[in-house]
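So the chains spell out like this:
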Amino acid sequence: ENRLARQAADMARETEPAVKIEYSRELAQNNEAAKFLEGLLTHMGMEAQVLAAEHDGGLRLRIDSSAMGLLIGHRGETLDAMQYLTSLVVNRSRKENGYQRVTLDTENYRNKREESLRRLAHRLASQVRASGKEQALEPMNPYERRILHAALQNSQHVTTHSEGEEPNRRIIISPKNGKA
């Protein structure tokens, strides 16, 4: 009975609707990060519009373009690189104002990737529990590893930790107490 309640709670968490973020062109027009990103996209030869929103104390930028796949890249690598560059530009002169978190998205990729990673975490946790053997995942960036750790942090059956050095750092899912 307890197990069924936990499974139902896990399923409810996995299907919670994503928070709706209100992006606007107006906020992007006078924003240093959005201007940099628009310039970067122009240099890449891409026609795109950048919209901005303030959310959870950070800045979120959404790119609307017909070349979404190119912008996202393999497992989000291009999007991550553009996010990193934009963050560097925004935060280079913010020592006294504090760090501003910048998140780039297109086609709701970030939410879809998070959902996909949470499903992967739960599927692999079930496999680890059934087999009693740990599983090593492919290398991931810190953001994606955090999602996987968080997805399994309350598990009674498995535990997670990261091994390796960047950029080859990966998550290991292990049975708790040495057995599943």
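Shown above is the structure to which this text applies.
The structure reproduced in this document is the subject of the present report.

Cut-offs and rules
Residues numbered from 1 in each chain as written. Predicted model: local features only at pLDDT ≥ 70, side-chain atom pairs only at ≥ 80, totals over all residues. Heavy atoms only, no water. 1 Å grid on protein atoms, 1.4 Å probe; cavity = no way out; pocket = protein on both sides within 12 Å on 5 of 7 lines; lining within 4 Å. Points joined across faces, edges and corners; volume = space filled by probe spheres on them. Salt bridge = Lys/Arg side-chain N within 4 Å of Asp/Glu carboxyl O. Helix = DSSP H or I, 4+ residues; strand = E, 2+ residues; numbered from the N terminus. Buried < 20%, exposed > 50% of the residue type's maximum accessible area, 1.4 Å probe, protein only. Pairing = 2+ DSSP bridges. Axes fitted to C-alpha atoms, helices over the stretch in contact; angles between N-to-C directions. Contact = heavy atoms within 4.5 Å. Core = buried A, V, L, I, M, F, W, Y, C linked by side-chain atoms within 4.5 Å.

## A look at the layout of surface pockets
Then, in step 1: The volume enclosed by the second largest pocket comes to roughly 260 Å³.
Then, in step 2: What lines the second largest pocket is His-74, Arg-75, Glu-77, Asp-80, Arg-113, Glu-138, Pro-139, Met-140, Asn-141, Glu-144, Glu-166 and Pro-167.

## Concerning the pattern of salt bridges
Then, in step 1: Tallied over the full model, the rule gives 9 salt bridges.
Then, in step 2: Note that Glu-32 and Arg-92 form a salt bridge whose closest N and O atoms lie 3.8 Å from each other. Of the two residues, Glu-32 is situated in helix α3 (residues 32-43) and Arg-92 in the loop between α5 (77-91) and β3 (102-105); the sequence distance between them amounts to 60 residues.
Then, in step 3: Judged by relative accessible area, Glu-32 falls into the partly exposed class, the value being 40%.
Then, in step 4: According to the relative accessible area criterion, Arg-92 is exposed, its value standing at 55%.
Then, in step 5: Here Arg-75 makes a salt bridge to Glu-138, at a shortest N to O gap of 2.8 Å. Here Arg-75 is found in the loop between α4 (68-72) and α5, whereas its partner Glu-138 is found in the loop between β4 (135-136) and α7 (142-152), with 63 residues between them in sequence.
Then, in step 6: Residue classification places Arg-75 among the partly exposed residues on the basis of a relative accessible area of 41%.

## Some details on the sheet that holds β3
Then, in step 1: What the 3 strands build is an open sheet, ordered β1-β2-β3; its pairing is mixed. The open sheet terminates on both sides in strands that have one partner only, identified here as β1 (48-55) and β3. Shown here is a sheet whose adjacent strand axes are inclined to one another by a mean of 20 degrees, direction ignored.
Then, in step 2: With 8 bridges joining them, β1 and strand β2 (residues 58-65) adopt antiparallel strand pairing. Paired with Leu-51 across the two strands is Arg-62, which belongs to β2.
Then, in step 3: Taken strand by strand, α3 contacts β1, β2 and β3, and its axis lies near 30 degrees from that of β2.

## Concerning the sheet that holds β4
Then, in step 1: Spatially, 3 strands are ordered β4-β6-β5 in an open sheet, and the strand pairing comes out antiparallel. The open sheet has two edge strands, β4 and β5 (158-163), and neither has a second partner.
Then, in step 2: The sheet contact formed by β5 and strand β6 (residues 170-175) spans 6 bridges and is antiparallel. Residue Thr-160 lies in a different strand from β6, and its bridge partner there is Ile-173.
Then, in step 3: The strands that helix α6 (residues 109-131) touches are β4, β5 and β6; relative to β6, the one it contacts most, it runs at about 40 degrees.

## Comments concerning the pairing of β3
Then, in step 1: Every second residue of β3 is oriented toward a common face, with Val-102 and Leu-104 on one face and Thr-103 and Asp-105 on the other, all of them buried.
Then, in step 2: Across 4 bridges, the pairing between β2 and β3 is parallel. Each bridged residue has a counterpart across the sheet, and for Arg-60 the counterpart in β3 is Thr-103.

## Structural notes on the environment of Ala-28
Then, in step 1: Along the polypeptide, Ala-28 turns up in helix α2 (residues 25-29).
Then, in step 2: The exposure class of Ala-28 is buried, given its relative accessible area of 0%.
Then, in step 3: Between the C-alpha atom of Ala-28 and that of Gln-49, which follows or precedes it by 21 residues, the distance is 9.6 Å.
Then, in step 4: Filtering out sequence-adjacent residues up to four positions away, Ala-28 remains in contact with Ala-34, Val-50, Leu-51 and Ala-52.

## Structural notes on the nonpolar core
Then, in step 1: Leu-37, Leu-41, Leu-61, Ile-63, Met-82 and Leu-104 are the most contacted members of the largest nonpolar core, which has 20 residues in total.
Then, in step 2: Listed by contribution, the elements that provide at least two residues to this core are α3, β1, β2, α4, α5 and β3.
Then, in step 3: By residue number, the principal contributor to this core is α3, which donates 5 residues.
Then, in step 4: Leu-37 has contacts with Val-50, Leu-61, Ile-63, Met-82, Thr-86 and Leu-104, leaving out every residue within four places of it along the chain.
Then, in step 5: In this structure, Leu-120, Ala-121, Met-140 and Leu-152 belong to the second largest nonpolar core, which totals 15 residues.

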